[in-house]
Amino acid sequence: MWLLVTFLVPGLTQDAGQPDGAPIAWGWDETMHAELPAVQILLNVERGDWKAAAVVIHDCDRYPFVYPVALAVWQGVFGIGEAQARALGRFMLVLLILLTIPLALYLARRPVGSAPRPRSHLIDVVLLVVLAGLASPLARRYGPTLFLEIPAVVLMAATLVSWISRRDLTTGTGQRARRDLLTGLLVALTFFTKFNYALLLAAALGADAFVELIVARRRRHALLSLLWVAAPVLMGLAWWFVLPVPMGQNAAAEHRLNFMEFVQGNQSHATTPWTRKMNWLTGISAHPFLFAALIVFSLGLIAVQRTRTSVTFLFALVAFVVLILLHNYQLDRFLLPAAVTFWVAGGTSAAIFLRRFPRTFSLGAVALAALCAAFPALEVLGWEPVRLPV
């Protein structure tokens, strides 16, 4: 019952700001940053002109090439067309929701030395986190699009899963080294999907790596592990900015120049009002009140779950939420990394709270559902709410 009143009823009573589904027509970003280079790559490869395909890849120097290449492969199998291209976006959204499950299970682990949580408790965690993602209007809106945010966030989530899971493996072993390399490869893929999101990911992982070195019993092995993580990233950066095979030094110079222009470019835009940012943030959840509950539970995460993984998520909250909100220029889709962090941290924390205080949680869930339903009902009766300027 509490699942219904916490997630499904709010979703039925208010659309939380943004309509679901893809735009009616392809926009500039979808066309120029994803579909056009994808089709160019595919057609050149089909003609056997690999050099021309490489030129297209290296021309993606502001909005990188990983998703266009993925779109090219996808449409090479299923055919070229808008429906086929958008189907990959829907697949990516499903993959993103699935990736929140291992993230939540790692976050829900009890401290080392404690008894593991019962399976019923873990089911609560999975249900709350998955429903939080499924109920998000922001995710449903951008899932079937060709914007780079969804694939970038998928890679960010996969990176966090790999980064956290490597702690289960003994440092200095081949298995740990392979997991470290996989983590670094995922960071590199994130960078070549969306530059600015990779910088946020690097900030979170860098802070967490510093903690890892401090608490490590075998510091030399821990440092070597981090070097394995860094290796694929450094190789990718060297290829793109120093020696972009099969292109030449002119391409490397263009990549460096365009990267710096891209990173600094949005600084010239007008500052987005905070009221608009808060309005967009509510699209993370099915209802503004439910979003407020996710914030409360996310901030209370450290209080209910004092583990090494919760520290990682604390850094993720700062990097994916605070740093994004502090930037002067915003669009609603820029908040998707924050959305995933709130789904996992808030949903996991709520599930833990549920098991500790089931009656309080159930009463709160019923009250929350009543509040979510009350405001649309009052509007039907003619009450006009006060709306903040956006």
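Residues numbered from 1 in each chain as written. Predicted model: local features only at pLDDT ≥ 70, side-chain atom pairs only at ≥ 80, totals over all residues. Heavy atoms only, no water.

Student: Describe the environment of H121, listing the residues and the values that go with them.
Tutor: You can see H121 is positioned in helix α6 (residues 119-134). Residue classification places H121 among the buried positions, given a relative accessible area of 18%. On a C-alpha basis, the gap between H121 and R355 in space is 7.1 Å, while along the polypeptide they are 234 residues apart. (Helix = DSSP H or I, 4+ residues; strand = E, 2+ residues; numbered from the N terminus. Buried < 20%, exposed > 50% of the residue type's maximum accessible area, 1.4 Å probe, protein only.)

Student: Describe in detail the packing of aromatic side chains, supporting the description with residues and values.
Tutor: Pairs of aromatic rings are described using the distance from one ring centre to the other and the angle between the two planes. In this structure the tally under the stated criterion is 19 aromatic pairs. An angle of 65 degrees between the planes, with centres 5.3 Å apart, marks the rings of F241 and F259 as edge-to-face. Taken together, the residues span a long stretch of sequence, with F241 in helix α11 (residues 219-241) and F259 in helix α12 (residues 249-265) at a distance of 18 residues. The residues F241 and F259 share a single accessibility class, namely buried. Through a chain of ring-to-ring contacts, the aromatic side chains of Y63, F65, F191, F192, F195, W239, W240, F241, F259 and F262 assemble into a single cluster. The ring of W163 has R166 lying over it, and the distance from NZ or CZ to the ring centre is 4.3 Å. Directly above the ring of Y197 sits K194, whose terminal nitrogen or CZ lies 5.6 Å from the centroid. (Phe/Tyr/Trp six-rings, centres within 6.5 Å; stacked < 30°, edge-to-face > 60°. Lys NZ or Arg CZ within 6 Å of the ring centre and 35° of its normal.)

Student: Any chance you could break down the side chain of S298 for me, citing the residues and the numbers?
Tutor: Among the structural elements, S298 can be located in helix α14 (residues 288-299). What makes S298 buried here is its relative accessible area of 2%. Reaching out from S298, the side chain makes a polar contact with the backbone oxygen of L294 at a distance of 2.7 Å. Sequence-distant contacts of S298, defined by excluding residues within four places in its chain, comprise L317, F342, A345 and G346. (Polar contact = N/O pair within 3.5 Å; in protein donor to acceptor, adjacent residues only side chain to side chain. Contact = heavy atoms within 4.5 Å.)

Student: If you had to explain a nonpolar patch on the surface to someone new, which residues and values would you point to?
Tutor: Taken together, the side chains of W274, M278, I302, L314, V318, V322, L323 and L326 present a nonpolar region at the surface, about 700 Å² in accessible area. For the nonpolar patch, the elements supplying multiple residues, two or more each, are α13 (274-281) and α16 (308-326). When residues of the nonpolar patch are assigned to their parent elements, the largest contribution, five residues, is made by α16. With respect to the element layout, L326 can be found in helix α16. (Patch = residues over 30% accessible without salt bridge, like charges linked within 9 Å, V, L, I, M, F, W, Y side chains within 5 Å. Areas by Shrake-Rupley, 256 points an atom, 1.4 Å probe, with all protein chains shown as cover. Salt bridge = Lys/Arg side-chain N within 4 Å of Asp/Glu carboxyl O.)

Student: Go over α13, please, and point to the residues and values.
Tutor: Inspection of α13 places K277, W280 and L281 among the buried residues, and these make up the whole buried set. With its buried residues spanning 105 degrees around the axis, α13 presents them on a single face. The elements touched by buried residues of α13 are α14 and α16. (Arc of directions from axis to C-beta.)

Student: Describe the pattern of salt bridges, with residues and values.
Tutor: Taken as a whole, this structure holds 13 salt bridges when the rule is applied. The partner of K194 in a salt bridge is E149, with the nearest N and O atoms 3.5 Å apart. In this pair, K194 is assigned in the loop between α9 (174-191) and α10 (195-215) and E149 in helix α8 (residues 149-165), connecting sequence segments 45 residues apart. Side by side, K194 and E149 carry an identical accessibility label, which is buried. Residues R176 and E212 are paired through a salt bridge, measuring 3.8 Å at the closest nitrogen-oxygen approach.

Student: Residues and numbers for unusual backbone geometry, please.
Tutor: Residue P246 follows V245 across a cis peptide bond; omega there is 5 degrees. Structurally, P246 is set in the loop between α11 and α12.

Student: Which residues make up the nonpolar core, and what values do they have?
Tutor: By size, the foremost hydrophobic cluster in this structure holds 91 residues, and its most contacted members are L96, I284, F320 and W343. With residues near it in sequence (within four places) discarded, L96 still touches I150, V153, V154, A157, V340 and W343. (Core = buried A, V, L, I, M, F, W, Y, C linked by side-chain atoms within 4.5 Å.)

Student: Which residues make up the packing of α8 against helix α17 (residues 336-356), and what values go with them?
Tutor: Close contact between α8 and α17 brings their axes to 9 Å; oriented N to C, the two are set at 40 degrees. Relative to α17, α8 is oriented oblique. α17 is crossed by α8, and the crossing has right-handed handedness. Here α8 contributes E149, I150, V153 and M156 to the contact with α17, which in turn contributes L336, P337 and V340. (Axes fitted to C-alpha atoms, helices over the stretch in contact; angles between N-to-C directions. Parallel < 35°, antiparallel > 145°, perpendicular 65-115°, else oblique. Left-handed = near helix turned anticlockwise from the far one by under 90°.)

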